[in-house]
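# Coordinate inspection notes
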Amino acid sequence: MAQRRDAVAIAIDGPMGSGKSTVAREVARRLNFRYVDTGAMYRAVAAAALRRGLSLDDAEALAALARRVQVAPASGEEGTSRVLVDGEDLSGELRSVEVNRVVSRVARLPAVRAALGAIQRALGAPGGVVMEGRDIGSVILPDAEVKVYLTASPEARARRRQAELAAAGQVVSLEDVRRIEAEDDRAALTREAAPLRVAPGAVVIDSTHAPVGEVVERILALVRRARGL
Ligand code: DC
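Residues numbered from 1 in each chain as written. Predicted model: local features only at pLDDT ≥ 70, side-chain atom pairs only at ≥ 80, totals over all residues. Heavy atoms only, no water.

## Some thoughts on the site of the ligand
Put simply, the test is: Neighbouring residues are identified by heavy atoms, a residue being near a molecule or strand if any of them is within 4 Å of it. Whenever two N or O atoms come within 3.5 Å, that pair is a polar contact, provided that in protein one can donate a hydrogen and the other can accept it, and provided that, for residues adjacent in sequence, both atoms are side-chain atoms. The protein chains shown are the only cover counted for residues, whose accessible areas, like all others here, come from Shrake-Rupley with a 1.4 Å probe. Helical segments are the DSSP runs of H or I of at least four residues, strand segments are the runs of E of at least two, and each set is numbered from the N terminus.
As a matter of local geometry, the ligand sits amid 16 residues, with Thr-38, Arg-43, Arg-113, Arg-134 and Asp-135 nearest to it. A distance of 3.0 Å separates a nitrogen atom of the ligand from a polar side-chain atom of Thr-38. Measuring from a nitrogen atom of the ligand, one finds a side-chain N or O atom of Asp-135 at 2.9 Å. Here the ligand, which alone exposes 450 Å², has 96% of that area covered by the protein. For the shell around the ligand, the secondary-structure elements that each account for two or more residues are helix H2 (38-52) and helix H4 (97-107).

Set out below in structure tokens:
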């Protein structure tokens, strides 16, 4: 069996609360692939900007921060990525209320997207990677062998997001989560640079009624097919 075919790249995109982080992490663990959470990179730029008191309209200053983002290989049993900006590990701040509030403003800046996109392409180039985000299959890794667009009903997404926030120590009402979800969708869908959409060639998986294990198995089957097994 050709070695290179094993080094496939897997792009997983979808809206907030679609379950893509949980699924992407598990797929990476099962295949012993690298897991890259691109949302964490946007969050790290936002966290670094807040720390430095930068204006969120200063696209150049934010892009300069984005160019200094490094993703350390996932460690620990959780398998979450560690993200550094200028050598400073900001992983602990990525899910804060402040970062949640401002990150979509950071993500809509084309200069920031270009800087993080270059880092993401370099991480994806060798293959053997599961990369998760909003524009991975459409813009960052358009040649990924496996592309998945994960979705779920608004209710299911809000409940998942609420559970994620609770796990990060934030108690938020379902009503507030629905509002955040609608804002995030609007920001993602109307963004001029790389709006959220189903990438050409992506397989759409609706996870509303599918447990994580079932979604993971469907993706592993797509990987086997891509490898010609
Ligand atoms: O998936 P997440 O909630 O961690 O993403 C954080 C923010 O970054 C969210 O506003 C969407 C944005 N994002 C993006 O614009 N492009 C990506 N590839 C990943 C995330």
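## Regarding the packing of helix H3 (residues 59-67) against helix H5 (residues 110-124)
Our working definition: Fitting a line to C-alpha atoms yields each axis, with helices limited to the stretch in contact; the angle taken between N-to-C directions then spans 0 to 180 degrees. Throughout, the term roughly parallel applies to angles under 35 degrees, roughly antiparallel to angles over 145, roughly perpendicular to angles from 65 to 115, and oblique to all others. Between two residues, a contact is recorded if the distance between any of their heavy atoms is within 4.5 Å.
Packing of H3 against H5 leaves a shortest axis separation of 8 Å and a crossing angle of 10°. On the basis of the axis angle, H3 is roughly parallel to H5. Where H3 approaches H5, its residues Ala-59, Glu-60, Leu-62, Ala-63, Ala-66 and Arg-67 are matched on the opposing element by Ala-111, Val-112, Ala-115, Leu-116 and Ile-119.

## Let's talk about the packing of helix H1 (residues 20-31) against helix H9 (residues 212-226)
The following threshold applies: Note on convention: the crossing is left-handed when the near helix lies turned anticlockwise from the far helix by less than a right angle, right-handed when the turn is clockwise. Each residue is assigned to one class: nonpolar for Ala, Val, Leu, Ile, Met, Phe, Trp, Tyr, Cys and Pro, charged for Asp, Glu, Lys and Arg, and polar for all the others, Gly among them.
Their axes nearest at 10 Å, the elements H1 and H9 cross at an angle of 55°. In terms of orientation, H1 lies oblique with respect to H9. Our pair here, H1 against H9, has a crossing hand that is right-handed. When H1 is examined against H9, the residues Thr-22, Val-23, Glu-26, Val-27, Arg-30 and Leu-31 are found in contact with a partner set consisting of Val-212, Val-215, Val-216, Glu-217, Ile-219, Leu-220 and Val-223. Tallied by class, residues from the contact of H1 with H9 come to nine nonpolar, one polar and three charged.

## A word on the environment of Pro-142
By the element assignment, Pro-142 lies in the loop between helix H6 (136-140) and strand S7 (146-151). For the pair Pro-142 and Gly-201, spaced 59 residues apart in sequence, the C-alpha separation works out to 9.1 Å. Sequence-distant contacts of Pro-142, defined by excluding residues within four places in its chain, comprise Ile-136, Gly-137 and Lys-147.

## Some words on the sheet that holds strand S5 (residues 88-89)
We count it as follows: In this analysis, strands are considered paired if DSSP registers two or more bridges between them.
Pairing in this open sheet of three strands is antiparallel, and the strands run S3-S4-S5 from one edge to the other. What marks the edges here is a single partner per strand, and that holds for strand S3 (69-72) and S5. Sheet topology note: the S3/strand S4 (residues 82-85) ladder contains four bridges and is antiparallel. Looking at S4, one finds that Val-69 is bridged to Val-85.

## Topic: unusual backbone geometry
Peptide bonds are, in most cases, trans, and in most cases residues other than glycine have a negative phi. Heads up, the rule is: Relative accessibility decides the category of a residue: with a 1.4 Å probe and only protein chains considered, values under 20% of the type maximum give buried, values over 50% give exposed, and everything between is partly exposed.
In the Ramachandran plot, Asn-32 falls in the positive-phi region, its phi being about 60° despite a non-glycine side chain. Structurally, Asn-32 is set in the loop between H1 and strand S2 (34-37). Relative accessible area serves as the criterion here: at 72%, Asn-32 is assigned to the exposed category. With a phi angle near 60°, Asp-86 is a residue other than glycine that sits in the positive phi range. With respect to the helices and strands, Asp-86 occurs in the loop between S4 and S5.

## Re helix H8 (residues 174-190)
Heads up, the condition is: Expected span of a helix: the number of residues minus one, times 1.5 Å. The arc in question is formed by the directions pointing from the helix axis toward the C-beta atoms.
Look at H8: 24 Å from first C-alpha to last across 17 residues, which is about the 24 Å you get at 1.5 Å a residue. Those residues of H8 that fall on the buried side of the exposure criterion are Val-177, Glu-181, Asp-184, Asp-185 and Ala-188. The arc that holds the buried residues of H8, viewed along the axis, is 105°, so those residues lie on one side. Facing away from the buried surface of H8 by more than 90 degrees, the exposed residues are Glu-175, Arg-186 and Thr-190. For H8, the elements touching its buried residues are helix H7 (154-167).

## Observations regarding H2
One turn of an α-helix holds 3.6 residues; hence residues three or four places apart share an orientation. Compared with an ideal rise of 1.5 Å per residue, which puts 15 residues at 21 Å, H2 spans 22 Å between its outermost C-alpha atoms and is within 8% of the ideal. H2 sits mainly inside the fold: eleven of its 15 residues count as buried. By the burial criterion, the buried members of H2 are Thr-38, Ala-40, Met-41, Tyr-42, Arg-43, Ala-44, Val-45, Ala-46, Ala-47, Ala-48 and Ala-49. Taking the backbone nitrogen of Gly-39 as reference, a side-chain oxygen 3.1 Å away marks Asp-37 as the first, capping residue of H2. Backbone geometry just downstream of H2 places Gly-53 in the positive-phi region, at approximately 65°.

## A few points about the side chain of Lys-147
As a reminder of what qualifies: In this tally Asp and Glu are treated as negative and Lys and Arg as positive; neither His nor the chain ends contributes. By definition here, a salt bridge exists when the distance from a side-chain nitrogen of Lys or Arg to a carboxyl oxygen of Asp or Glu is within 4 Å.
Here Lys-147 lies in strand S7. Comment: no salt bridge for buried Lys-147; closest opposite-charge side chain is Asp-143, at 6.3 Å. In this structure the side chain of Lys-147 is engaged in a polar contact, spanning 2.8 Å, whose partner is the backbone oxygen of Pro-142. Within polar-contact distance, the side chain of Lys-147 engages the backbone oxygen of Pro-200 at 3.0 Å. The residues contacting Lys-147, other than those within four sequence positions of it, are Ala-11, Gly-137, Leu-141, Pro-142, Ala-199, Pro-200, Gly-201, Ala-202 and Val-203.

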